[in-house]
Each structure stands twice: as structure tokens, then as C-alpha cells.
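Fold and contact review
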Amino acid sequence: MEVVFSVLLVILIMGFRVQGQGGLETGFYSSSCPKAEEIIRATVEAHFNKDPTIAAGLLRLHFHDCFVQGCDGSILITGASGERNALPNLGLRGFEVIDDAKTQIEALCQGAVSCADILALAARDAVVLSDGPSWAVPTGRRDGRISSKAEASNLPSPTDSIAVQRQKFMAKGLDDHDLVTLVGAHSIGQTDCLFFRYRLYNFTTTGNADPTINQAFLPQLQAICPKDGDDSKRVALDKDSQFKFDASFFKNVRDGNGILESDQRLLGEAATGRIVQNYAGSIRGLLGLRFDLEFPKAMIKMSGIEVKIGAQGEIRKMCSKFN
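Residues numbered from 1 in each chain as written. Predicted model: local features only at pLDDT ≥ 70, side-chain atom pairs only at ≥ 80, totals over all residues. Heavy atoms only, no water.

What follows deals with the pattern of salt bridges. Under the counting rule described, the total for this entry stands at 22 salt bridges. In this structure, the salt-bridge partner of Asp131 is Lys244, at a minimum N-O distance of 4.0 Å. With Asp131 in the loop between helix H5 (115–129) and helix H6 (162–170) and Lys244 in the loop between strand E4 (234–236) and helix H10 (248–254), the pair connects residues that are 113 residues apart, well separated along the chain. A salt bridge links Arg197 to Asp231, with the shortest nitrogen-to-oxygen separation between them at 2.5 Å. Within this pair, whereas Arg197 is found in the loop between strand E3 (190–192) and helix H8 (198–201), its partner Asp231 is found in the loop between helix H9 (218–224) and E4, the two being separated by 34 residues in sequence. Residue Arg197 is classed as buried on the basis of its relative accessible area, which comes to 10%. With a relative accessible area of 38%, Asp231 lands in the partly exposed category. One network of salt bridges, with partners in common, ties together Arg199, Asp210, Glu261 and Arg265. (Salt bridge = Lys/Arg side-chain N within 4 Å of Asp/Glu carboxyl O. Helix = DSSP H or I, 4+ residues; strand = E, 2+ residues; numbered from the N terminus. Buried < 20%, exposed > 50% of the residue type's maximum accessible area, 1.4 Å probe, protein only.)

Okay, here's the thing in C-alpha cells:
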């Protein structure tokens, strides 16, 4: 009897859509497009198998979307005045993955699934494919009808102080814990020499390197990014495991091996430094475990920023164009 009751309970639970962040629901497409999440997962995996660096691209794409006009797919719109063409967004990647998934879903469930949701689900799948944690993504976002290049100027920047980072995150309802946890997305991915070379040679116009850089690591960075070298040369944000989503990023920050100034600064401020130390903790068997638990919570919270639901926004036919 107990077994039968347990099975019935699971069926009942699966039949309900669970309320999530900002009026979103997990299982939102269980009736209108039951294969949507499966299609997105398969599409992300197909692209990832050809190019594992796409995982970091998709995660960053979702983050940049949520910080301007909320998580509404506004980053996906093409056109000279769209936020996609703002300076902080010029290096974004993964648009073709979202377009690919959208084309397949439209063929199966026309006008049912928003581009904003495809992006949120793809970001989760990218983390999972990089050996990171999984989570149930609340869905039901509508696509926004505004995409403004000018509004993207306030995105977090690699040169931001902790005070500026905190202000930008607080403006979106995110606290210090969310800030440090979400920056942990730098566990995967790369950046260009352009964004941190100033730390290596002439930090604050002193003619010296940033003193917070580990002295043993500095020559390695200078070899990759010579003083007058190629600005577009790529460097892993996590020197130890750039394709594996884990807590070694925090260990690097703790040890003075952070690449971006904004990342390394997290250690030097009391509140954020404590969180970095917690995630970097090396108690046997616990390295990264806390981060694996906390990252999904922070992502769910972030993916609920200023979402459009119900009658707001639209469901785009193509992710790169308004209807």
C-alpha cells in the first residue's frame, strides 16, 4: 500500500506547476509544450560537444539579459540601437544556440515558449554540461518589447569597486551573498587581455603591477599578455579548471590568482571576503560543496529579476526580432 501511495503522490506532485520566483512556475510548459526543456537541453548539448566554451557564453548571456530590462530576452534583439550592441555586450556569445532551440520549438509548439525562458533554461543546461549543479528553472517569462543600447551602460564592469558592484546588484534586489555566488560563474570561461592588462604593468598609474596579484602568478600572466601584445588574447578566468564548473575559482581568488580586478577585490572587503573564504574552504570532502548548493539558489533569484508574465510582453516568433 505504501508503495502505491508513494507513486500516486509523485504523480500528483508532477501534475502541479510549482510557483517560483516573481510569479514564474516550474513546469510552466508541461501542457503547452511538454518537450520544450528536452529540446533546449539537446540543442545546448549538441553545440557544447562541438565547442565546450559555449557553456560560459550562454551563462554570461543570461546574466547580461537579466541586468538590463530584467530577464526578458532583450539582449537577443539585433539592430544598431539594441542592447546587444552596447560596449559591455560586444563579446557576448551563444546567440546561435538560442536561435537553434527556438526554431525547433516553434516547429513543434508555435507561439508557446518565450526566448527569455529558452535562455534561462540554456544557462542551466550549460552549467550541468560543465559538471556543475542542476536546478529546476522557474519558467513563464514573456519576451520584452524594448532593447536599448543606452540602458546597458550600467552593467557590472571588471574595474568596478566592491561599493559599485554592491550598488549594481542591490539595484536588482541581490545582496552580497548573491553577488559573490553569481561571480562564481567565472569558474568557467575566458576573458581578453584588454580587460586586465592594466593590472600587470601600470596599475593606478604607478608603473607597477597590482599588489594583490600573487607574485608567483604575475610572470605567467605577463607572458600571456605582454605590455604591447594582442588585446584579444584569451585567458581562462579560472586557471585550474576553465571547463569545469567548480569552486576552484574561489580558491584562486583567495590565493591572489583572480584575473579580473573586480573578482580579486571580493577578497579584500570584509563581508564579501568571508563568503569567498567559505566557498574556498578546503576541509576534506567539502571543497565546493557549499557553492554547488548556493549557486542554483542565486541563479533562480537572479532569473526572476523584473520578469514579464501573463499579459505583459510577447512570445517572439524569432528571438532576434520583435513581433
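The discussion continues.
If you look at the biggest cluster of nonpolar residues, it comprises 71 residues, and the most contacted ones within it are Leu59, Leu76, Ile98, Phe250, Phe295 and Met302. It is H5 that contributes the most residues to this core, 9 residues altogether. Excluding residues within four positions of it along the chain, Leu76 makes contact with Leu61, Arg84, Phe95, Ile98, Cys115, Leu119, Arg316, Cys319 and Ser320. If you look at the next biggest cluster of nonpolar residues, it comprises 14 residues, including Cys193, Cys225, Val235 and Ile259. (Core = buried A, V, L, I, M, F, W, Y, C linked by side-chain atoms within 4.5 Å. Contact = heavy atoms within 4.5 Å.)

Its location among the elements puts Ser303 in the segment after helix H13 (289–302). Classification of Ser303 as buried rests on a relative accessible area of 4%. The spatial distance from the C-alpha of Ser303 to the C-alpha of Arg141 is 9.5 Å, given a sequence separation of 162 residues. Residue contacts for Ser303: discarding those within four places in its chain leaves Leu24, His62, Cys66, Cys71 and Arg141. For Ser303, the side chain forms a polar contact with the main-chain oxygen of Ile300, separated by 3.1 Å. (Polar contact = N/O pair within 3.5 Å; in protein donor to acceptor, adjacent residues only side chain to side chain.)

Turning our eyes to something else, we now look at the state of the cysteines. Per the stated rule, a full pass over the model turns up 4 disulfides. Residue Cys115 pairs covalently with Cys319 via a disulfide, S to S 2.2 Å. The disulfide joining Cys115 to Cys319 has a torsion of about -95° about its S-S bond and is therefore left-handed. Separated by 204 residues along the polypeptide, Cys115 in helix H5 and Cys319 in the segment after H13 bring together distant segments of the chain. Both residues of the pair, Cys115 and Cys319, count as buried. The partner cysteine of Cys193 in its disulfide is Cys225, sulfur to sulfur 1.9 Å. Its S-S torsion of approximately -75° makes the covalent link between Cys193 and Cys225 left-handed. (Disulfide = S-S within 2.5 Å.)

Next up on the list: the environment of Glu25. Locating Glu25 in the fold gives a position in strand E2 (residues 25–26). As for Glu25 and Cys319, which are separated by 294 residues in sequence, their C-alpha atoms are 21 Å apart.

Counted under the stated rule, the structure contains 13 aromatic pairs. Ring centres of Phe28 and Tyr29 lie 5.0 Å apart, and the angle between their planes is 90°; on these two criteria the pair is classed as edge-to-face. Residue Phe28 is classed as partly exposed on the basis of its relative accessible area of 26%. By relative accessible area, which is 5% here, Tyr29 ends up buried. Ring geometry for Tyr279 versus Phe291: centroids 5.4 Å apart, planes at 65°, classification edge-to-face. Placement of the pair is Tyr279 in helix H12 (residues 270–280) and Phe291 in helix H13, with a sequence separation of 12 residues. One exposure class covers both Tyr279 and Phe291, and it is buried. Here a set of aromatic residues connected by ring pairs shows up, and it is made of Trp135, Phe245, Phe249, Phe250, Tyr279, Phe291 and Phe295. Above the plane of the ring of Phe95 lies Arg84, whose end atom (NZ or CZ) is 3.6 Å from the centre. Taking NZ or CZ as reference, Lys239 lies 5.8 Å from the ring centre of Phe217, over its face. (Phe/Tyr/Trp six-rings, centres within 6.5 Å; stacked < 30°, edge-to-face > 60°. Lys NZ or Arg CZ within 6 Å of the ring centre and 35° of its normal.)

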